[in-house]
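Examination of the molecular architecture
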Amino acid sequence: MRRFVFFALAALIIIFSVIVDGATPQKKVAYITIDDGPTLNTPNIIETLKRHKAGAAFFVLKDRIETYPDYIKMMETNGFTIGLHGVSHNGDIYATPTSPLNEMNETNEALYKLLGRRSRVVRTPYGSKPNLTDKQRQLLETAGYKIFDWNVDPRDSIGAVVDRTAVLRNLRAGLEAAGPKAVILLHDRKSTSMALDEILSLVEAAGYELGTLDENTEF
Ligand SMILES: [Zn+2]
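Rules used throughout
Each chain has its residues counted from 1, running along the sequence as written. Totals for whole chains, interfaces and linings use all residues, but because this is a predicted model, local features are given only for residues with pLDDT of at least 70 and pairs of side-chain atoms are given and counted only at 80 or more. Around each residue's C-beta, the other C-beta atoms within 10 Å are counted; 20 or more make the residue buried, 12 or fewer make it exposed, and counts in between make it partly exposed. All C-beta atoms are placed from the backbone. Going along the chain from the N terminus, every DSSP run of H or I of four or more residues is numbered as a helix, and every run of E of two or more is numbered as a strand. Any two strands with at least two DSSP bridges between them are considered paired. A helix is expected to span 1.5 Å multiplied by its residue count minus one. Residues are scored as being in contact if the C-beta atoms we place from backbone atoms lie within 7 Å. In plain words, the nonpolar core is the set of buried Ala, Val, Leu, Ile, Met, Phe, Trp, Tyr and Cys residues that C-beta atoms within 7 Å link up. Helix axes are fitted only over the stretch in contact, all axes being lines through C-alpha atoms; the angle between N-to-C directions runs from 0 to 180 degrees. Oblique is the label for every angle not falling under 35 degrees (roughly parallel), over 145 degrees (roughly antiparallel), or within 65 to 115 degrees (roughly perpendicular). Should the near helix be turned anticlockwise from the far one by less than a right angle, the crossing is left-handed, and should it be turned clockwise, the crossing is right-handed. Residues are grouped as follows: nonpolar covers Ala, Val, Leu, Ile, Met, Phe, Trp, Tyr, Cys and Pro; charged covers Asp, Glu, Lys and Arg; every other residue, Gly included, is treated as polar.

1. A look at the pairing of strand S6 (residues 181-187)
In terms of burial, S6 is largely enclosed, as six of its seven residues are buried. Both strand S1 (residues 29-37) and S6 contribute to a ladder of seven bridges, which runs parallel. The residue of S6 that forms the bridge with Asp35 is His187.

2. Quick look at helix H5 (residues 99-115)
For the α-helix, the turn length of 3.6 residues means that residues three or four positions removed from each other point alike. With 17 residues, H5 ought to run about 24 Å at 1.5 Å a step, and its terminal C-alpha atoms sit 24 Å apart, in line with that. Every buried residue of H5 is accounted for by Pro100, Leu101, Glu103, Met104, Thr107, Asn108, Ala110 and Leu111. Summarising the contacts, the buried residues of H5 are in contact with helix H3 (62-67), strand S3 (81-86), strand S4 (121-122) and helix H6 (134-142). Downstream of H5 by one or two residues, Gly116 has phi in the positive range, about 75 degrees.

3. A look at the nonpolar core
Among the nonpolar cores identified, the biggest contains 49 residues, and Phe58 and Ile184 are the most heavily contacted of them. Setting aside its immediate chain neighbours within four residues, Ile184 contacts Ala30, Tyr31, Ile32, Thr33, Trp150, Val152 and Pro154.

4. Focus: the environment of Val161
For Val161, the position within the fold is in the loop between strand S5 (146-147) and helix H7 (164-178). For Val161, a count of 7 C-beta atoms within 10 Å puts it in the exposed group.

5. Comments concerning the packing of helix H2 (residues 42-51) against helix H8 (residues 190-205)
Contact pair H2 / H8: the axes reach a minimum separation of 9 Å and the direction vectors enclose 15 degrees. In terms of axis orientation, H2 runs roughly parallel to H8. As H2 runs across H8, the sense of the crossing is right-handed. Counted together, Asn44, Ile45 and Thr48 of H2 and Ser193, Leu196, Asp197 and Leu200 of H8 form the full contact between these two elements. Tallied by class, the residues present in the contact of H2 with H8 amount to three nonpolar, three polar and one charged.

6. Digging into the environment of Gln138
Structurally, the position occupied by Gln138 is in helix H6. When the C-alpha positions of Gln138 and Leu101 are compared, they lie 9.7 Å apart, and in sequence the two are 37 residues distant.

7. Regarding the packing of H7 against H8
Running from amino to carboxyl end, H7 crosses H8 at an angle of 25 degrees, the nearest separation of the two axes being 10 Å. Our classification of the angle between H7 and H8 gives roughly parallel. Taken as a pair, H7 and H8 cross one another with a handedness that is right-handed. Counting all contacts with H7, which are made through Arg164, Val167, Leu168, Leu171, Arg172 and Leu175, the residues of H8 involved are Ala195, Glu198, Ile199, Leu202 and Val203. Tallied by class, the residues present in the contact of H7 with H8 amount to eight nonpolar, no polar and three charged.

8. Some remarks on the environment of Ser201
One can find Ser201 in helix H8. On the basis of neighbour count, Ser201 is assigned to the exposed category, with 12 C-beta atoms found within 10 Å. The spacing of Ser201 and His52 is 149 residues in sequence and 8.2 Å in space, taken between C-alpha atoms.

Pasting the structure below:
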């Protein structure tokens, strides 16, 4: 009898834990990504990210690595991912089959000179789709690069003066459409750095953890 009670209890516990587990909502993760830096706004952006204990990936340009080496080091020492965004930041990067790879390699060498290590994470300007040809993509991937686009675009870089209310509205709508895994496109610029506290608060209030996108992230 005692044994029966024991097994009955054990069975109940197992059934109950399966039900509870099934009811647990899926974990929501948002990855903040910040393109086009570093700039003079980078320290401010990093301070705000730290205050929110938020991870982030910065996709940086070659000439800006050379102009603001201290800010690259600041990204590194604070545990953020440093990804590559290229050299030209215009149509030139898509000009030939090898030009995207060449621009990312060149950017990587600037990073290597500064940090003694290279990055495997890239974002091509304006997104890889439809800009990269199959051949260009294949050359990047064969070289070991992992290409990241985004699924949430709050449109924080449209025009010289950005409407903060519109950015927050776009962000909210974008998160709803993206679901439990959000990769958010932001830019290293003054208006974004000033709105970042509100941006991060909105993402947190929507139930997302703020993760760090890196070469192991599945997206
Ligand atoms: Zn860009």
